[in-house]
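Chain residues, written in single-letter form:
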Amino acid sequence: MIEILSPAELDRARATGTLVASILRTMQERSTVGTNLLEIDRWTRAMIADAGAESCYVDYAPSFGRGPFGHYICTSVNDAVLHGKPHDYTLADGDLLTLDLAVSLDGIVADSAVSFVVGKTQPAESLALIEATERALAAGIAAARPGARIGDLSHAIGTVLTDAGYTVNTEFGGHGVGSTMHQDPHIANTGRAGRGYTLRPGLLLAIEPWVMADTDELVTDSDGWTLRSATGARTAHSEHTVAITEDGVEVLTLR
């Protein structure tokens, strides 16, 4: 399903994007050495409830996960890159943490993710991973405009990631959003320009480049959800929800 939002729905999407950005900003500030992942989940649950919003994760039970996710935010640490299920783990100095959040407010979803290093120790490899995904995200956003093709976004993202020396996994990528969290079109993190669905004003897209330091192979953790690099290498993930407008593109989840 591909949804095209009305101007009124787009205004609601802006409000959802602002909320997601606010929660992620707060969780990033609170994610310090000694913070437990379950604390982050509890804080997120409280902020969602206080806003009168709904979690897109807690009851989410797709085919690639084992049962309902059961938590309110994804917390992926070090070699975990996607769908990190919060558990009893205390953040240490130098950990690379990705927070990924999708929330529905007034019937419209926004989805965003941020990766950062916790504490004073800032490993160069980790910072390079994060920077590559952020540059790839910026390139994907820059390619998004009315009349562009999904392949244009994929090509822009993939060019940045491969030029930075990373291999790209295409099992999971960006996607449409709207009244639900995961919709068509799928946005692979590499691809050929000029191919795929033509972007139209009113389309919401979650653009999300992610990489693993030395592999493109994923393994699923014993929790049935968390996806990790097959080699145990560190990972990073950056994501924004954007709206295609008559004039170009608007980022709804800027922090």
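For the structure, see preceding data.
Only a predicted model underlies this, so the values are computations on that prediction, with no experimental measurement involved.

What counts, and where the lines are drawn
- Residues numbered from 1 in each chain as written.
- Predicted model: local features only at pLDDT ≥ 70, side-chain atom pairs only at ≥ 80, totals over all residues.
- Heavy atoms only, no water.
- Helix = DSSP H or I, 4+ residues; strand = E, 2+ residues; numbered from the N terminus.
- Rg over C-alpha atoms; globule rule 2.2 N^0.38 Å.
- Buried < 20%, exposed > 50% of the residue type's maximum accessible area, 1.4 Å probe, protein only.
- Contact = heavy atoms within 4.5 Å.
- Areas by Shrake-Rupley, 256 points an atom, 1.4 Å probe, with all protein chains shown as cover.
- Lys, Arg positive; Asp, Glu negative; His and termini not counted.
- Charge placed at Lys NZ, Arg CZ, Asp CG, Glu CD.
- Axes fitted to C-alpha atoms, helices over the stretch in contact; angles between N-to-C directions.
- Parallel < 35°, antiparallel > 145°, perpendicular 65-115°, else oblique.
- Left-handed = near helix turned anticlockwise from the far one by under 90°.
- Nonpolar A, V, L, I, M, F, W, Y, C, P; charged D, E, K, R; others polar.
- Pairing = 2+ DSSP bridges.
- Salt bridge = Lys/Arg side-chain N within 4 Å of Asp/Glu carboxyl O.

### Examining the overall build of the chain
What the chain contains, in helices and strands, is 4 helices and 14 strands. Here the C-alpha atoms of the chain give a radius of gyration of 17 Å, agreeing with the 18 Å that 2.2 N^0.38 yields for 255 residues. Seen along its three principal axes, the alpha-carbon backbone of the chain occupies a region of about 45 × 45 × 35 Å. For the chain, the residues scored as buried account for 56% of the 255 residues in total. Sequence-distant contacts in the chain: of pairs separated by 6 or more residues, those separated by 24 or more amount to 69%. For the chain, the exposed area adds up to about 10,300 Å²; of that, 49% sits on carbon and sulfur atoms. Positive and negative charge centroids in the chain, built from 18 and 33 side chains respectively, lie 2 Å apart.

### Some details on the packing of helix α1 (residues 7-30) against helix α2 (residues 37-50)
α2 packs onto α1 with a crossing angle of 150° between their chain directions and a minimal axis gap of 10 Å. Taken as axis vectors, α1 and α2 run roughly antiparallel relative to one another. Of the two elements, α1 crosses α2, and the hand of that crossing is right-handed. Mapping the contact onto sequence places Ser22, Ile23, Thr26, Met27 and Arg30 in α1 and Ile40, Trp43, Thr44, Met47 and Ile48 in α2. By residue class, the composition of the contact of α1 with α2 is 6 nonpolar, 3 polar and 1 charged.

### Regarding the sheet that holds strand β3 (residues 80-82)
Taken in spatial order, the 3 strands make up an open sheet running β3-β11-β10, and their pairing is antiparallel. Unpaired on one side and paired on the other, β3 and β10 (218-220) mark the two borders of the sheet. When the angles between neighbouring strand axes are averaged without regard to direction, this sheet yields 45°. Judged from the 3 bridges that link them, β10 and strand β11 (residues 227-229) form a sheet pairing that is antiparallel. Within the sheet, the bridge partner assigned to Thr220 lies in β11 and is Leu227.

### Details of the pattern of salt bridges
A full pass over the atoms with the stated rule returns 5 salt bridges. For Arg14, the salt bridge is made with Asp11, and the minimal N-O distance between the two is 2.6 Å. Residue Arg14 and its partner Asp11 are both found in helix α1; the two are separated by 3 residues, about one turn of the helix. For Arg14, a relative accessible area of 28% gives the class partly exposed. Using a relative accessible area of 47% as the deciding quantity, one classes Asp11 as partly exposed.

### Looking at the sheet that holds strand β7 (residues 183-187)
The antiparallel open sheet is built from 5 strands, whose spatial order is β7-β6-β8-β13-β14. Every interior strand has two partners, whereas the edge strands, β7 and β14 (249-251), have only one. Sheet twist, expressed as the average angle between the axes of neighbouring strands with direction ignored, equals 30°. Note: strand β6 (residues 174-177) against β7, 2 bridges, orientation antiparallel. Counted as the bridge partner of Gly174 is Ile187 from β7.

### A few points about the side chain of Lys85
As for its position among the elements, Lys85 is in the loop between β3 and β4 (96-105). Apart from residues lying up to four places away in sequence, Lys85 is in contact with Pro68, Phe69, His71, Thr75, Asp223, Trp225 and Thr226.

### Observations regarding the pairing of β4
Among the 10 residues that make up β4, 10 are buried, leaving the element largely enclosed by the rest of the structure. With burial as the criterion, each face of β4 is covered, one bearing Leu96, Thr98, Asp100, Ala102 and Ser104 and the other bearing Leu97, Leu99, Leu101, Val103 and Leu105. Where strand β1 (residues 54-55) lies against β4, 2 bridges are found, and the strand directions are antiparallel. When the bridges of β4 are listed, Ser55 appears paired with Val103. Relative to β4, strand β2 (residues 74-77) runs antiparallel, the two sharing 4 bridges. Considered in β4, the bridge of Thr75 is made with Leu99. In terms of strand pairing, β4 meets strand β5 (residues 108-117) through 10 bridges, oriented antiparallel. Within β5, the residue paired with Val103 across the bridge is Ala110. Taken together, β4 and the strand that follows it, β5, pair antiparallel across an intervening segment of 2 residues, in which Asp106 is found at a positive phi of about 55°.

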